[in-house]
Amino acid sequence: MKTKNILKVALITAVMGITSCQKDFINLTPESDLSIPNFYKTSSDMVVAVNAAYDALQSTNQYGGLFFRLMEIRSDNALDLNPGGSAGVNYRIDIFAEEVTNTNLTDGYLALYAGIYRCNIVLDKIEAVSMDATLKNRIKGEARFIRALSYFNLVRLWGKVPLILTAMEPSQVSQLKRNDIAEIYGAIEEDLKFGAQNLSLSYTGADDGRATLNAAKSLLGKVYLTQQKWQDAKNILTEVVASKKYSLLTDPLTIFQETNKTNAEIIFAVKYGVAGREGHAAWITSDAGQGNRTVVDNSLATAYTATDKRLALIATVATANNSQFTPRKVYAALTSNQAINDFIVLRYADVLLMLAEAEAEVSGAPNSAAVDALNQVRKRAGIDEFALGSFANLAAFRAVIYRERRLELALECDRWFDMVRISNISGNANYAQLAINVSESRTTAGGRISILPRDFIYPVPDSEVNIYNDPSRFAQNPNYPR
Amino acid sequence: MNYNVVFQTTHIGTPLSKTKTFLSLKISFLLLLTLLYLNAGAFAFNQLVTLSEKNASIEKVLIQIKKQTGYSFLYDKELLKNARPVTINVSKAPLDEVMKKCFADQSFTYEILDKAILIKPNAQPKKSVSVQESSSVQAITITGKVTDSQGGALVGVSVLLKGSTTGTSTDANGKYTLSIQADGILSFSYIGFTTQEVATTGRSILNVTLLEETKSLNTVVVVGYGSQQKRDITGSVGQVKASDIKDQAVTGFDQALVGKISGVQVLQPNGAPGSAMAIRVRGLSSISAGNDPLYVVDGVPLSNNSDFSTAIVSNPLNTINPTDIESIEVLKDASAAAIYGSRGSNGVVLITTKRGSGGKAKFTYDGYAGVQQVVKKIDLLDAYQFAELTVEGINNAYSDAVPGANLDLSLNSSRPVSYRVPARYFPYLAGEKGLTDTDWQDAIFRTASMQNHTISVNGGTENVKYYISGNYLDQKGIIIGSGFKRYSGRVNVDGQSGKFHYGVNFTPSYTINNLVKTETRYTEGSIVAAALSIGPVFKVYNDDGSYNFDSTPGEGTKTWNINPVAMALLTKDRLTQSRILTNGFVEYSFLKNLTYKLSLGVDQNNYREDFYRPSNLPQMSGFGAGGVGSPSVPVGTSESRGIINWVVENTLNYTGSFGDHNVSGLLGYTNQKERIDGNFLRAENYPTDIIQTLNGGQITQGYSSLGKWSLISYLARLQYNYQHKYLLSATIRSDGSSRFGENNKYGYFPSVSAGWIISDEKFLKDSRTLSLLKLKASYGLTGNFQIPNYASYGLLGNANYVSGGTVTNGLSPTTVDNPSLRWEKTAMFDTGIEANFFGDKLQLQADYYNSNTYDMLLNVSVPLSSGFATQLKNIGKVNNRGFEFSANYRQNIGKWQLSVNGNIATNKNKVVELGPAGEPIYTNGASGSIEYVTMIGKPIGSYYGRVKDGIIMSQAELTTIPVTNSSKPGDFKFRDINGDNKIDDKDRTIIGDYFPDYTYGLTLNARYSNFDMSVTIQGSQGFEIVNLQRRYIYNFQGNFNSYTGAMDRWRSDENPGNGEVSEVNRVPTGDGGIFSSHHVEDGSYTRFKNITLGYTVPKNVLNALKITNARLYFSAQNPFTITKYMGYNPEVNNRPGSNLSPGEDYGSYPLAKTYVLGINFSF
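Residues numbered from 1 in each chain as written. Chains lettered and ligands numbered in written order. Predicted model: local features only at pLDDT ≥ 70, side-chain atom pairs only at ≥ 80, totals over all residues. Heavy atoms only, no water.

Caption draft 1: How the structure looks around the overall build of chain B. Along the backbone of chain B there are 17 helices and 58 strands. A buried classification covers 59% of the 1163 residues belonging to chain B. A separation of at least 24 residues holds for 69% of the contacts in chain B among residues at least 6 apart in sequence. Accessible area of chain B: about 44500 Å², with a carbon and sulfur share of 55%. (Helix = DSSP H or I, 4+ residues; strand = E, 2+ residues; numbered from the N terminus. Buried < 20%, exposed > 50% of the residue type's maximum accessible area, 1.4 Å probe, protein only. Contact = heavy atoms within 4.5 Å. Areas by Shrake-Rupley, 256 points an atom, 1.4 Å probe, with all protein chains shown as cover.)

Caption draft 2: Quick look at helix 4 (residues 95-103) of chain B. Within helix 4 of chain B the residues assigned to the buried category are L95, D96, V98, M99, C102 and F103 of chain B. Down the axis of helix 4 of chain B, the sector holding all buried residues measures 160 degrees, keeping them to one side. (Arc of directions from axis to C-beta.)

Caption draft 3: Representation of the confidence of the model for chain A within the structure. Chain-level pLDDT for chain A is 88 on average; 88% of the residues reach the 70-or-more range. No element of chain A has a lower mean pLDDT than helix 19 (residues 442-445) of chain A, which averages 48, and none a higher one than helix 10 (residues 213-226) of chain A, which averages 98. (pLDDT = per-residue confidence, 0-100.)

Caption draft 4: Representation of unusual backbone geometry within the structure. For the peptide bond that leads from Y480 of chain A to P481 of chain A, omega is -5 degrees, which places it in the cis range. On the secondary structure map, P481 of chain A appears in the segment after helix 20 (462-468). Even without glycine at this site, Q723 of chain B takes up a positive phi of about 55 degrees. Within the element layout of this structure, Q723 of chain B appears in the loop between strand 31 (698-722) and strand 32 (726-737). Here N981 of chain B, not a glycine, exhibits a phi torsion of approximately 65 degrees, which is positive. Secondary-structure assignment places N981 of chain B in the loop between strand 50 (972-974) and strand 51 (989-990).

Caption draft 5: Region of the structure containing the sheet that holds strand 6 (residues 140-147) of chain B. Residues and elements named next belong to chain B. The sheet built from three strands is open, its strands ordered 9-6-12 with mixed pairing. The sheet is open, and its two edges are formed by strand 9 (175-180) and strand 12 (208-209), each paired on a single side. Note that strand 6 and strand 9 share six bridges and pair antiparallel. Looking at the pairing, T143 lines up with T177 of strand 9. (Pairing = 2+ DSSP bridges.)

Caption draft 6: Layout of the pattern of salt bridges. All names here are of chain B. Applying the stated criterion to the full structure yields 83 salt bridges over all chains. K968 is the partner of D400 in a salt bridge, and the nearest nitrogen-oxygen pair spans 2.3 Å. Residue D400 is located in helix 9 (residues 383-401), and its partner K968 is located in the loop between helix 15 (955-958) and strand 50; the two are separated by 568 residues in the primary sequence. Among the residues examined, D400 registers a relative accessible area of 35% and is labelled partly exposed. The buried category is assigned to K968, whose relative accessible area is 18%. One salt bridge in this structure joins R608 and D610, with 2.8 Å as the shortest N-O distance. (Salt bridge = Lys/Arg side-chain N within 4 Å of Asp/Glu carboxyl O.)

Caption draft 7: Local environment of the sheet that holds strand 46 (residues 921-924) of chain B. Residue and element names in this part refer to chain B. Ordered by their spatial adjacency, four strands build an open sheet running 46-47-48-51, and the pairing between neighbours is antiparallel. Each edge of the sheet is formed by a strand with only one pairing partner; in this case those strands are strand 46 and strand 51. When strand 47 (residues 930-934) meets strand 48 (residues 942-945), the two strands line up antiparallel, connected through two bridges. Bridging from a neighbouring strand, Y932 pairs with Y943 of strand 48.

Caption draft 8: Structural view of the environment of I1033 of chain B. Structurally, I1033 of chain B is set in helix 16 (residues 1030-1033). Judged by its relative accessible area of 0%, I1033 of chain B falls in the buried class.

Caption draft 9: A look at the side chain of T353 of chain B. Residues and elements named next belong to chain B. Note on placement: T353 falls in strand 21 (residues 348-353). Residue classification places T353 among the buried residues on the basis of a relative accessible area of 0%. Looking at T353, its side chain comes within polar contact range of the side chain of D298, at 2.6 Å. Engagement of the side chain of T353 in a polar contact is seen with the side chain of N492, the distance being 2.8 Å. Not counting the four nearest positions on each side in its chain, T353 is found in contact with D298, D324, I325, E326, R490 and N492. (Polar contact = N/O pair within 3.5 Å; in protein donor to acceptor, adjacent residues only side chain to side chain.)

Caption draft 10: Focus on the nonpolar core. Of all hydrophobic cores here, the largest spans 141 residues; its most connected members are F145, Y151, W158, I188 and F268 of chain A. For this core, the element with the highest residue contribution is helix 7 (residues 133-158) of chain A, accounting for 12 residues. Excluding anything up to four places from it in sequence, W158 of chain A contacts L70, L105, G108, Y109, L112, R178, I457, Y458, P459, V460, P461 and N477 of chain A. If you look at the next biggest cluster of nonpolar residues, it comprises 76 residues, including I394, I444, I480 and Y1125 of chain B. (Core = buried A, V, L, I, M, F, W, Y, C linked by side-chain atoms within 4.5 Å.)

Caption draft 11: Examining the pairing of strand 28 (residues 594-613) of chain B more closely. Residues and elements named next belong to chain B. Examined bridge by bridge, strand 27 (residues 572-591) and strand 28 share 19 bridges and lie antiparallel to one another. Within strand 28, the residue paired with Q577 across the bridge is Y607. Counted along the chain from strand 27 to the antiparallel partner strand 28, the turn is two residues long. As paired elements, strand 28 and strand 29 (residues 635-658) share 20 bridges and run antiparallel to each other. Across the sheet, L600 pairs through a bridge with V648, a residue of strand 29.

Caption draft 12: Region of interest: the packing of aromatic side chains. Summed over all chains, the structure comprises 56 aromatic pairs over all chains. Here the aromatic rings of Y63 of chain A and F67 of chain A are separated by 4.7 Å at their centres, their planes lie at 80 degrees, and the arrangement is edge-to-face. F67 of chain A sits in the buried class, given a relative accessible area of 0%. On the numbers, 5.8 Å between centres and 70 degrees between planes, the contact of Y932 of chain B with Y943 of chain B is edge-to-face. With Y932 of chain B in strand 47 and Y943 of chain B in strand 48, this residue pair connects regions lying 11 residues apart in the sequence. One exposure class covers both Y932 of chain B and Y943 of chain B, and it is buried. Each member of the aromatic cluster is reached from another via a ring pair, and the members are F972, F974, Y1034, F1036 and Y1043 of chain B. Stacked on the ring of Y203 of chain A, the Lys or Arg R138 of chain A has its end atom at 5.6 Å from the ring centre. Here K597 of chain B stacks its cationic end above the ring of F585 of chain B, 4.7 Å away from the centre of that ring. (Phe/Tyr/Trp six-rings, centres within 6.5 Å; stacked < 30°, edge-to-face > 60°. Lys NZ or Arg CZ within 6 Å of the ring centre and 35° of its normal.)

Caption draft 13: Region of interest: the side chain of H1078 of chain B. Residue and element names in this part refer to chain B. With respect to the helices and strands, H1078 occurs in the loop between helix 16 and strand 55 (1080-1082). One polar contact links H1078 to K948, side chain to side chain, over a distance of 3.3 Å. With sequence-adjacent residues up to four places away left out, H1078 is seen in contact with K948, F972, R1030, Y1034 and F1036.

Caption draft 14: Inspection of the packing of helix 14 (residues 348-363) of chain A against helix 15 (residues 368-381) of chain A at higher detail. Residues and elements named next belong to chain A. Across the interface, helix 14 lies against helix 15 with an axial gap of 7 Å and an inter-helix angle of 150 degrees. With respect to helix 15, the element helix 14 is oriented roughly antiparallel. Here helix 14 runs over helix 15; the crossing is left-handed. Between helix 14, through Y348, A349, L352, L353, A356, E359 and A360, and helix 15, the contact on the second element is made entirely by A369, A370, A373, L374, Q376, V377 and R380. (Axes fitted to C-alpha atoms, helices over the stretch in contact; angles between N-to-C directions. Parallel < 35°, antiparallel > 145°, perpendicular 65-115°, else oblique. Left-handed = near helix turned anticlockwise from the far one by under 90°.)

Caption draft 15: Representation of the confidence of the model for chain B in the model. Residues and elements named next belong to chain B. With 89% of its residues at a pLDDT of 70 or more, chain B has an overall mean of 84. Counting contacts from residues 1-46, a segment whose pLDDT is below 50, to residues more than four positions away or on other chains yields 70 contacts. Model confidence for the complex is summarised by a pTM of 0.75, with the ipTM given as 0.91.

Spelled out as C-alpha cells, the structure:
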C-alpha cells in the first residue's frame, strides 16, 4: 500500500516535472524570422543588409510610384484627373491644394526615413564586423550614397528635416529637431565624397547595378547645382565626363527599354523586376479613352518640335493585353502588378545638361564647353544644334537649357525640383508658376492660384508636427496649412 | 422537519464529496418526484431480496438491497445518524416487506419511487399530537388540500405548526388534517417547492398552492477549473443552457448566443456561411491587441489564432456542433476571469459538452432542413432611372467644362469624347420598352438550402458512461458559389473506478468552406459591391451564353466593374479545416475532500485554402487584361496552417465544512504551448484553366513560416462561506509567457470577491415575496496577451533587391525591439444585486462595472524620422463602464406555461490615455484616407470626418456660406467646425462610433399543451455604421448604380430636390467624395433573431412507435429587422480584427433569413 502511494506521488511529480525547465519553456525566440541581435555578424550579412537599403528605393512610396506624384504630377509635366480616387490625394498634390494630412506626404516622408534607417544600421553595425576592407568600404560607400540620395530628396521636398546619421531608437529620435538646410547639405556632400572615394568605377556580374563612384559624383554634381555651387558642380561633373565610362545612346527610345537595362547611358537606376518578382505597379497609366487617372500634360507634348525623337517617349502606347495607356518612356509590359522596367535616377544626358549649366554659370555666359554639352543632347534627339553665338547672354542660354532639361528628363522625377531650383536662381516664383499656368488641371480645379515660395516645399506631415508637439524644435513649414 | 434548508441527498455507492454529482442527483431526484407523482399508486414490488444481517448499520443493509434490486436510495445523511442497527434474516422476500422490517422502529420512514427509494423522516409524530390533544381543551382541526400551480395534488407535503413539533403530511390525494390548540402559522414544505407559511386565523379549511422552486437557485454554474452553485457565486457569470439555444438554424453556438446574456455582445460582422462572430464582453478594452474572449472547451483553453490571410475569417468554433453543447458560461468580471490570468481580460467563454448519463443506450436524433434568403434587398435604380442619372451626370460635367455648351443629344457626336453619351442609353431615354434591366442582386443571390443532422447515443454502465454524436451540416450560401459543410463527431467517456475518476473527450471535425470574395470594395473584386454598383443596363450573359464583361457607363470614363456573377462562379476559393480536439483527465481522491486532477488537452487544427482565378475572368485594376473578354493572367494560391496546441494541467481541489464554515480551495500548475506552421505558394502562367492546382502553372512565390508561444501558470483559489450566507472568494494566477519581453516575463493576476445573501438573514427569512436577495462585489486584475508571438523582438523582414539581373536577398528590421513588452492589464470593479421573488418566479439581476485597461499594448506612433511609423509599447488606458440588467419571469396560467427573459446592458467606452503626448491615433478606412480617430475622452475608433449639412441649394446660398474652393450649387454643404470661414480638413470632427448606447435581448417562451413557441428579439441602440458603399452607390457621379434616393437629387436652383441629395456630375466638385457624415448612418436596430413553433408528439402516440419523445418544430432565424440602416446588416464590420477602424460596410456579405423545419426524437 505504501509503495503504491509512493508510486502515485512519483508519477504525479514526474508529470509535473515534464516541463519543469520553466525558463527555457517560455523563452522562445523567433525561428522563421531573424531578429536584430543575431544578425549583422558576417560580411555576407552586411551585403544582405545593404541590399535592403537599395530595396528602400524600390518602395512604392519612393521610386516605385509615389515620387512620381510628388515630383512630376506636381509639376507642369503630368496631371491627375481623379478628384474622387483615393479621396483625391493625388489630385490635390496636382492642384496645390494638398492638406497637411495628405497621405502621399506621410508615406513618402516615412519611406525616405525608413531607407535612411537601413543605411544607418549598416553603417553602425559594420564597424564591428571583421571582413575584407575593400568590401567593407564598398558597403559603407553604398549605404552613404543611398543615404545621401534620400536626404537630398527629403531636403528638396520638405526643407529642414532631422538629420539622423546613426540607427536611433524612436525615443531618441523624438528628442531631435529639424536641422538647418546647410547642415543637411553638408552631410549629403560628405556622404557622396566618401562614395566617390570608396566605390569602384563599375561593378559587374552579380554586383551589376550597385552604386558606383560616378553615381556618387553625378549625384554630388546635382547637389552642388541645386545649391548653386557652380564651380564645385562643374569640377565634379567634368570628372564624370572625363571618366569616359558613359555615352549617349543613339536612339533615345532604347534608353528606357526593359530589355536594355544595362546600357552606356545609365549611371544609376533603381532596379526592378525579375521573373515576376521585385516589380512595381506601372508608374503612370491612364484608362482607355481619355481616362480619369494620370496623364501627360498637353503642354509637355506640345513643347517638342515635331522631329524630336523624344516626342515618341512622351506619346502614350497601349500596354500589352490591356486597355490602359502609358507613356513610352515608362512603358512596362504589364502582365501583373509586377512591371519590371528600372527607374533611372541618373543618366549621362542629365550629367551633360548639368555640366552645360554649370559651365555657363561659372563663366557668367555660355561658353563652348556649355554649348557643346547641350548640343550633344540635342543632336542625339535629332533636333537642331546651337551655335555658340546664337545666345545673346546667360539668360538666353538658361532659358534654352531649362527647356532642354524639361524635354530630355520629362517624367524622370526631376521636373518639379528643377522648377523650384530655377525659381530660386531667378529669385522669384515665376518659373514654378508654370506648374499651374500651363497645366490643364486648372480647368477642373475651380480657380487659379499663384505659386508662392511656400509652395517650393511641401508641408511636413501633420502627424510629425503633432508627435513632436514642440514648435521650437519641429514646427510646420511656413504658411502651412494653406 | 423542514426539507429545504439543507437537504443533502446522496446515492449509495457514490462518493459523498462531489458537489457536482450531488447536485445533478438532486435534480434527478426532483425529476423522479415528478415521475412518482405521475405514476402514483402504480408501484410494482416484484423484486425479491435475500438478507441476513445482525446489528448491521442501516447503510450497509441498504447497500445490500441496492445491489440486489438496483434501486437507489436517496436520503439525508443527518437522518441516518441516529439510525438503529438492523437485524434481519429474510430469504427471497419482497422488497416492500424487507423495507418494512428494516425501517421498523426507526425515526424515519421510506417511500418507494419509480427506480429509487426515498428515505424521509417519520412524517406524523403521532405521539406529540396525542400529547397536545390531551392537554388541549378546545382543539382546532384544520383540513385542506395542497396543490401545485397547475392544480395537481401534492403528496407527502410536510405541514407543521410553526414553533412546535405538531405536524402531519398530506395523503395520496394531497389532503391533510391537523389538530392544533390555537391559531398559529402553518408551514407547508415540500421538496422542489418553496415553503409557504399561512396563518390559520380561525379557519378550519386551508387550501394551499405551493410554488415550484426554480431550478436556477440550485443550478450548477461552471466556473474556471470547477463549478459552483449559482447561489454561491460572487463574480459575474452569464449562463446559457442547451435548451436556451436549441432550434436555431445556426452553424456555431456563438450565433445562437445573440441577445441571451447581458453585457455580451455577439456581433455578426458578415453573413458568409461559416464566418466568425465577434463576441465582445463588456465593451472593447484593447486597441491593438485582440478583443476576442478566451474560449475554454471542457476545460481546455483553445487558441483561436488562425493567423490566416483570408478576408472571411473562418470561425474556429464552427468545429463544435451546437447540439453537443450542454451549457455555455461567460465569465464577465475580473474576479471570475482572473483564474485565466493573462488571457482573461476580454472575458472567458466556457463551453461544456454533453456527457453520458449512464444506463441503457438512448438514441437521439436532431435535425432540420430549410431555406435561406437574403434578409432584404437594397432599393436601387432601375435601368431607365440609371440611364437618366448617367446621362445627366455626363451633361453636367460637360456644361462645367464648356460653359454654355449645347446639351442637345443630336450634337452628341461632336462633343469631346469624354463627354459623349454612349449610344446604349438613347433607347432608355426614349423610354423604349423591354430593354435590358438587370437586377444584379437577383443575379448573385439565391434561395439557398440548409440542413443539419445530429445523431447521438447516450448511455453506459454505473461506472462507465458515454455520449457519442455525429453531425452533418450543409449550408449553401445565399450568394451563388458559396457554402459551408461540416462533418463532426464527438465521443465523451467518463469512468469511475475506486478512488479514480477519469474521462476522455474526443472531437474530430472537418469543415469545407467555399468562399466568395466580399468585405471589400469593387476594385478588389467584392461580389456584393460589384452587384450593387454595376449598372442595370448591362446584361449578365451575352446572347451566346457567355458572360458579359462590358460595364462601362460612359464613353470617356471606364469603370472597372466586373460581372459579379462571373466572379462568384468562375473563381475557386476553398477553405478546409480539420480539427481534432482531444482531452483526457484522471482524478484521484486522496482523502474524502481532497482530489488531485491531471488533465491533458491536445488541439490539432489544420487549415488549407486553395484559390484559383481563371483566365476567362478579366482583371479589374490598372493592370492585366481588362478589355471585354480578353484573357487575364490566371493566378493560383495554396496556403495552409498546421496548428498544434497542447496543455497539461495539474490541479488539487479541496472542499470541506467545519460546522457553519464551508471552505474550498484550488491549486494548479499548468503548461501550454502552441506551434503554428504555415505554407504559402502562388503560381501564375497557367497554360490552360483545366488544371487549377499549382502544378498547372509556374510557381512565382512561396514561403513557409513557423511561430510558437508558450505559457507557464500557477493558480490558486480560496472560497469560503459562512452558512452559505456570507461568501468570500479570492483567486490568483501567475502567467509566464513567451510573448512578453525579457524584462517582464511573469505577470500576477489576483482577484477578490464577496457576497451576502441578505434573504437568509432573520429579518428577511420569513418574507413570502422575496425568495433571494444577494449583494455581491468584486475586484480583480486580468490580462490580455493577444499580441504577435515575437512582438518584443526587433524582427528582420525580407527586403530583396535586384542586383546583377537576379533577385538578391536583402534583410532589414521591420519592427523595433521592446524588451519591456508585457501583457495589458484590466482592473475591473463589479457590484451586483440579485433578487428573486415569488418562489423565484421573478428573478432580477443588476450589475454595475467599471473597468480600466492600462499598460495597453499600443502601436504608439513614433516620429516617422525614426524610419518606423509605430512601436508596440505598453502605454495608454481605456475605460469601460456600464450597467447590466436582466429579468426572468415565469408564470403558468391554466394550461399555459409562459416565461420571459429580458436583458439590457449599457457600456461606455472611453479612451483615457494614449501615447506620450496623448496625440490621437488616426486610422485609414477602405477609402484610403482617414476615417477614424482614437482620441482621449472618446470611444476607440470613432468616425472622423466633415459634417454634411444638406445641399447648397442655390447660387445665392453659395455666396453666403463657407465652402471649399470648388463648391457649386448642388454640392454638399459642410459645417465650418473651426469657424475659419473655410471648409477643409480642419473641419473634421467625430461623426459617430460603433459602440451602442445600449444593447438588449428578449426571449419569450410559451407552452400550451403539446405546443410550444419561443421568440428571441435582440437589438442595439445608438451607434453608427460607416456605410462606405455610399462612396459608390450614392456618389452622384452617374458611374455606378445608385440608391433610389438619387431620384430626389438637386437639378437646378429651381428644382433643388429634397435638400439631401446632391447634383449628379461625372466630374464631381465640392469635396462630395471626401469622407463625411454623408457616409455615416445610424445603425440602431431591433431584430427578431429567432421565432420557433414546436409541437411535442403525445406519449401515447409515441409508445406505439417505441419512441420516448419526439418534437417537431418550425424555426425562423432573422425573419425581421427593424432599422433605418440602408445596407444589409446594421452590425456589419468589414475589418473585425481591427479595433481602430470598426463598423465599415463595403461590399459585405449580407445576412440571411432562414426558415427551417426540424425534428428531434429519441428512443
